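What the coordinates show
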Amino acid sequence: MIWNEKAENMARPELLSLQESRLCKTVRYVYDKVPFYKQKLDQAGVKPEDIGSLADYTRLPFTTKDEMQNNYPYDMFAVPLKDVIRLHASSGTTGRPTVVGYTRQDLDNWSECIARLLAAGGVSKMDIIQISFGYGLFTGGFGLHYGAEKLGATVIPVSSGNTARQIMIMREFKSTALICTPSYAIYLGEALAEKGIDPERDLSLRVGCFGGEPWTDSMRDEIESRLAISATDNYGLSEVMGPGVSMECGQKNGMHINEDHFLCEVIDLKTGKTLPYGETGELVITTLTKEAIPVLRYRTRDITTLFDEPCECGRCLLRMTKPHGRTDDMLIIRGVNIFPSQVETVLVDMEETEPHYQAGGHPGRRSGCSGNQG
């Protein structure tokens, strides 16, 4: 199902025109409202009037996570706190947490993006959605919750943990859709098997939308087998909004980017130059509609590939591959770049290996590689 036909099926020239208009508006907005960006643009020799088209986009400087952390907690905000109606933050495991805020319009836009995500994953207003993400500063729980309500589905805000209770609610409330991390979905599948519960016979689950951590297609196969559902991936990070930047459709062949809200590019890891579609590099995102914390050319550290081939689902949006890894997880072995996710892809097919592994100081689980979650 396509949630927003106009936005998701917009003709390419119309979409590019919309992106151009919103980009120019965003640059002027951050220059006038965020001292950090005024200083950064002045240092780069760029004025808002210099950005008149998408062709000028690469003149803008990058924004890094370190810079956002250095402006903790509120110096990246473009609006006064009286206009911010919600705050979220990253875990801060690698330093100061990244604080993000939302105006009422930001939350409306976020809910719209999540409604698209869920619809693309096969969820409808007829579903009973069990949200097993934690509800707190992490953006996943509340982000998916409000988007599910916008979709019109019935929401069960179970939150995370207490697996026995999760299974009880899943059975007795007849949940049809599951939202959680992919590693927890596998754990639930293991717990069901231990209890002798057959998902096809004893549960009503049919779809799952998973995110919050990197996962491979091998993990998808395991989740779908253990839970008897169709499993789709989605992508987002708190610095630019949270979940809802991009999402898989039923074709499961790349994640459609909500391009009316986000301008994405892939850059070369060494030179920082923008790469053409089809080449792999670091994903960089500019927000086009954020009011509280707009972000220019944010370096996500996630490695992906963008491609513009038509999708059988009918959406006209640019797609990105599931992230192959992160720049801060990359290992260089004899001159070859290796990511933990590549190790996992091999190990998941080896029944004789233990379920846990460690590669270059990065721990993982054969059915769930750990790592930074943006």
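Structure first, text after, so check above.
Conventions adopted
- Residues numbered from 1 in each chain as written.
- Predicted model: local features only at pLDDT ≥ 70, side-chain atom pairs only at ≥ 80, totals over all residues.
- Heavy atoms only, no water.
- Helix = DSSP H or I, 4+ residues; strand = E, 2+ residues; numbered from the N terminus.
- Buried < 20%, exposed > 50% of the residue type's maximum accessible area, 1.4 Å probe, protein only.
- Contact = heavy atoms within 4.5 Å.
- Areas by Shrake-Rupley, 256 points an atom, 1.4 Å probe, with all protein chains shown as cover.
- Expected span 1.5 Å × (residues − 1).
- Core = buried A, V, L, I, M, F, W, Y, C linked by side-chain atoms within 4.5 Å.
- Polar contact = N/O pair within 3.5 Å; in protein donor to acceptor, adjacent residues only side chain to side chain.
- Salt bridge = Lys/Arg side-chain N within 4 Å of Asp/Glu carboxyl O.
- Axes fitted to C-alpha atoms, helices over the stretch in contact; angles between N-to-C directions.
- Parallel < 35°, antiparallel > 145°, perpendicular 65-115°, else oblique.
- Nonpolar A, V, L, I, M, F, W, Y, C, P; charged D, E, K, R; others polar.
- Pairing = 2+ DSSP bridges.

Overview of the overall build of the protein
Secondary structure assignment for the protein yields 11 helices and 19 strands. In the protein, which comprises 374 residues, the share counted as buried stands at 54%. The contacts of the protein with a sequence gap of at least 6 include a subset with a gap of at least 24, amounting to 63%. Split by element, the accessible area of the protein, about 16,100 Å² in all, is 50% carbon and sulfur.

A few points about helix H5 (residues 104-120)
When the terminal C-alpha atoms of H5 are compared, their 25 Å separation across 17 residues agrees well with the 24 Å that a helix rising 1.5 Å per residue should span. Burial within H5 is extensive, with 14 of its 17 residues counted as buried. Count one or two residues on from H5 and you reach Gly122, which has phi positive near 100°.

Digging into the nonpolar core
Counting residues in each nonpolar core, the largest one holds 71 residues, and the members touching the most others are Leu60, Leu118, Ile129 and Ile285. Considering each element in turn, this core owes the most residues, 8 residues, to H5.

A word on the environment of Tyr102
Relative to the helices and strands, Tyr102 is located in strand E2 (residues 99-102). Residue classification places Tyr102 among the buried positions, given a relative accessible area of 0%. Placed 191 residues apart in sequence, Tyr102 and Ile293 show a C-alpha to C-alpha distance of 7.5 Å. Excluding residues within four positions of it along the chain, Tyr102 makes contact with Asp83, Val84, Ile85, Arg86, His88, Leu107, Trp110, Thr139, Ser238, Met241 and Ala292. One polar contact links the side chain of Tyr102 to the main-chain carbonyl oxygen of Met241, over a distance of 2.4 Å.

Structural notes on the environment of Glu49
Positionally, Glu49 belongs in the loop between helix H3 (35-44) and helix H4 (65-70). Sequence separation between Glu49 and Arg28 is 21 residues; the distance between their C-alpha atoms is 7.9 Å. Of note is the side chain of Glu49, whose polar atom sits 3.2 Å from the side chain of Arg28.

Overview of the pattern of salt bridges
This structure, assessed with the given rule, holds 22 salt bridges. Among the salt bridges present, the one from Arg116 reaches Asp260, with a minimum N-O distance of 2.9 Å. In this pair, Arg116 sits in helix H5 while Asp260 sits in the loop between strand E9 (255-257) and strand E10 (262-267), placing the two residues 144 residues apart along the sequence. A salt bridge links Arg206 to Asp127; the nearest nitrogen and oxygen atoms lie 2.7 Å apart. With a gap of 79 residues between them, Arg206 in the loop between helix H9 (199-202) and strand E6 (207-210) and Asp127 in the loop between H5 and strand E3 (128-131) connect regions that are remote in the sequence. Because the salt bridges share partners, they merge into one network encompassing Arg28, Asp32 and Glu49.

Notes on the packing of helix H2 (residues 12-33) against H3
Packing of H2 against H3 leaves a shortest axis separation of 5 Å and a crossing angle of 110°. Considered as vectors, H2 and H3 are oriented roughly perpendicular to each other. Of the residues in H3, those touching H2 at Val27, Val30, Tyr31 and Lys33 are Pro35, Tyr37, Lys38, Leu41 and Asp42. Along the lines of polarity and charge, the residues of the contact of H2 with H3 split into 6 nonpolar, no polar and 3 charged.

Describing the environment of Gly272
The topology assignment puts Gly272 in the loop between E10 and strand E11 (280-287). Every residue in contact with Gly272, bar those within four places of it in the chain, is listed here: Phe62 and Ile267.

What about the pairing of strand E12 (residues 298-307)?
Most of E12 sits out of view: 8 of its 10 residues are buried. Both E11 and E12 contribute to a ladder of 5 bridges, which runs antiparallel. Considered in E12, the bridge of Glu282 is made with Ile303. Pairing of E12 with strand E13 (residues 319-320) involves 2 bridges; the strand directions are antiparallel. Following the sheet pairing, Leu306 is matched in E13 by Met320.

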